[in-house]
Amino acid sequence: MTPTVLITGGGSKRGIGRATALRFAALGYAVAVLDLDDAGAEETAREATTAGSPAVFAAHVDVTDQSSVTAAVRAAEAALPPVTVLANIAGISSPTRFENITLEEWERIFAVNVRGTFLVTQAVLPGLRERGYGRIVNMSSVSGQRGGGVFGASHYAASKAAILGLTRTLARETEGQGITVNAVAPSMVDTDITQGAMTEERKAELAATTLLGRLATPADVAGTIVFLASPDASYLTGATIDVNGGSHLH
Ligand SMILES: NC(=O)c1ccc[n+]([C@@H]2O[C@H](COP(=O)([O-])OP(=O)(O)OC[C@H]3O[C@@H](n4cnc5c(N)ncnc54)[C@H](O)[C@@H]3O)[C@@H](O)[C@H]2O)c1
């Protein structure tokens, strides 16, 4: 049967979600792209068809809103073969220093990054359990491991640390069900998540903090997500894969 990947945050033109969708598409997966940005999601779906996906689906979702998530996941499940892989990629960041974070901004970061991962996973998981097979990949960040230091500040770092706790607990709670749950923790990837707020000078500084002398690309992260869904990763669960160019060691 055709494997199916459901990707949130797949609409961003230069983002990790689109790169991931295209990698799965090239491997013959059916691809469901859900994003706040419907036009972007549709463009990714078109590109996924060109890349080799046998069936695609795109829809608007606000991952912070339970009814929006339920509707989008149900529509994806109706349109495509059963979901085998869930990639929770939708996320937002902000560099606001701790003393200036409003309650609203704190809640917004947690709503998208943590509540979103919770809601989408809760909507997809029953189907994976029923079929006795699933691969879930969540997006953390070096910021969640080290306490910021890249772009996102304390609220972002705390939300990405929360993703690690969620990932590990879910790995335990899916024990014996044919499901693995892992996280990816990239360092700086040059995408539009910074909304133009990062200077070329700062990017060069960050590249110099890695052992490989460059920032990560969306393809670097997409390749790791595809690996976590592959048979070669079947003994990995509850793991965090560092995609950081060795920057912890620098
Ligand atoms: N870029 C980096 O340096 C980096 C590093 C580590 C981790 N990450 C994580 O990787 C993920 C993807 O980041 P990216 O750099 O590709 O960002 P991006 O901004 O290019 O893409 C994020 C996507 O999420 C979507 N999104 C935002 N809010 C949403 C919502 N409420 N509902 C549905 N979709 C929503 C956006 O529309 C966008 O398409 C994020 O979780 C981010 O925290 C990024």
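Residues numbered from 1 in each chain as written. Predicted model: local features only at pLDDT ≥ 70, side-chain atom pairs only at ≥ 80, totals over all residues.

**Things to note about the overall build of the chain**
Piece 1. Each helix and strand counted, the chain has eight helices and seven strands in total.
Piece 2. The C-alpha radius of gyration computed for the chain amounts to 17 Å, which stays within 12% of the reference 18 Å derived for 250 residues, consistent with globular compactness.
Piece 3. Taken along its principal axes, the extent of the C-alpha atoms in the chain is 45 × 35 × 35 Å.
Piece 4. Going through the 250 residues of the chain one by one, you find that 48% of them count as buried.
Piece 5. A sequence separation of at least 24 residues applies to 73% of the contacts in the chain between residues at least 6 apart. (Helix = DSSP H or I, 4+ residues; strand = E, 2+ residues; numbered from the N terminus. Rg over C-alpha atoms; globule rule 2.2 N^0.38 Å. Buried ≥ 20, exposed ≤ 12 C-beta atoms within 10 Å, placed from the backbone. Contact = placed C-beta atoms within 7 Å.)

**Here's the deal with the site of the ligand**
Piece 1. As a structural note, the neighbourhood of the ligand is formed by 30 residues, with Gly9, Ser12, Gly15, Gly91 and Thr191 the closest of them.
Piece 2. A class-by-class count of the residues in the shell around the ligand yields 13 nonpolar, 13 polar and four charged. (Near = placed C-beta within 6 Å. Nonpolar A, V, L, I, M, F, W, Y, C, P; charged D, E, K, R; others polar.)

**A closer look at the pairing of strand β1 (residues 4–8)**
Piece 1. With five of five residues buried, β1 is to be regarded as a mostly interior element.
Piece 2. Covered by surrounding structure in β1 are Thr4, Leu6 and Thr8 together with Val5 and Ile7, the residues of both alternating faces.
Piece 3. In the sheet, β1 pairs with strand β2 (residues 30–35) via five bridges, with the strands oriented parallel. Across the sheet, leucine 6 pairs through a bridge with alanine 32, a residue of β2.
Piece 4. Running through helix α1 (residues 16–26), the crossover from β1 to the neighbouring parallel element β2 is right-handed. (Pairing = 2+ DSSP bridges. Right-handed = clockwise from strand over helix to strand, strands pointing away.)

**Examining the packing of α1 against helix α8 (residues 218–228)**
Piece 1. The geometry of α1 relative to α8 is characterised by a closest axis approach of 8 Å and an angle of 50° between their N-to-C directions. Overall, the two elements α1 and α8 adopt an arrangement that is oblique. For the element pair α1 and α8, the recorded crossing hand is right-handed. Contacts between α1 and α8 involve Ile16, Ala19, Thr20, Arg23 and Phe24 from the first element and Pro218, Ala219, Val221, Ala222, Gly223, Ile225 and Val226 from the second.
Piece 2. Here the contact of α1 with α8 is composed, by residue class, of nine nonpolar, two polar and one charged. (Axes fitted to C-alpha atoms, helices over the stretch in contact; angles between N-to-C directions. Parallel < 35°, antiparallel > 145°, perpendicular 65-115°, else oblique. Left-handed = near helix turned anticlockwise from the far one by under 90°.)

**Notes on the confidence of the model for the chain**
Piece 1. Residue-level pLDDT values for the chain average 97, and 100% of them are 70 or greater.
Piece 2. Per-element mean pLDDT across the chain ranges from 94 in helix α7 (residues 200–208) up to 99 in strand β4 (residues 85–88). (pLDDT = per-residue confidence, 0-100.)

**Brief notes about the packing of helix α3 (residues 66–79) against helix α4 (residues 103–131)**
Piece 1. For the pair α3 and α4, the least separation of the axes is 9 Å and the interaxial angle reads 35°. You can see that α3 and α4 cross each other, and the crossing is right-handed. For the pair α3 and α4, contact is made by Gln66, Val69, Thr70, Val73 and Glu77 and by Leu119, Val120, Ala123, Val124 and Gly127, respectively.
Piece 2. Residue composition of the contact of α3 with α4, grouped by class: six nonpolar, three polar and one charged.

**Things to note about the sheet that holds β4**
Piece 1. Reading across the sheet, the seven strands line up as β3-β2-β1-β4-β5-β6-β7 and stay open at both edges, with parallel pairing between neighbours. A strand with exactly one partner marks an edge of an open sheet, and here the two such strands are β3 (56–60) and β7 (240–243). Each strand of the sheet is rotated relative to its neighbour by a mean of 15°, with strand direction disregarded.
Piece 2. Across five bridges, β2 lies against β3 in parallel orientation. Bridge pairing in β3 links aspartate 35 to histidine 60.

**Observations concerning the nonpolar core**
Piece 1. Grouped together as the largest cluster of nonpolar side chains are 71 residues, with contacts concentrated most on Ile7 and Val31.
Piece 2. The greatest single-element share of this core, amounting to nine residues, is contributed by α4.
Piece 3. Those residues in contact with isoleucine 7, other than ones at most four positions away along the chain, are Gly17, Thr20, Ala21, Val31, Ala32, Val33, Leu34, Ala87 and Ile89. (Core = buried A, V, L, I, M, F, W, Y, C linked by C-beta atoms within 7 Å.)

**Notes on α3**
Piece 1. When the terminal C-alpha atoms of α3 are compared, their 20 Å separation across 14 residues agrees well with the 20 Å that a helix rising 1.5 Å per residue should span.
Piece 2. The complete set of buried residues in α3 reads Val69, Ala72, Val73 and Ala76. One side of α3 carries all its buried residues, which in axial view fall inside an arc of 95°. Exposed residues pointing more than 90 degrees away from the buried face of α3 are listed as Ser67, Arg74 and Ala78.
Piece 3. If you follow the buried residues of α3, they end up packed against β1, β2, β3 and α4. (Expected span 1.5 Å × (residues − 1). Arc of directions from axis to C-beta.)

**Quick word on the environment of arginine 135**
Piece 1. By the secondary structure assignment, arginine 135 is in strand β5 (residues 134–139).
Piece 2. Here arginine 135 falls in the buried class, since 25 other C-beta atoms lie within 10 Å of it.
Piece 3. As a C-alpha pair, arginine 135 and leucine 228 span 93 residues in sequence and 7.5 Å in three-dimensional space.

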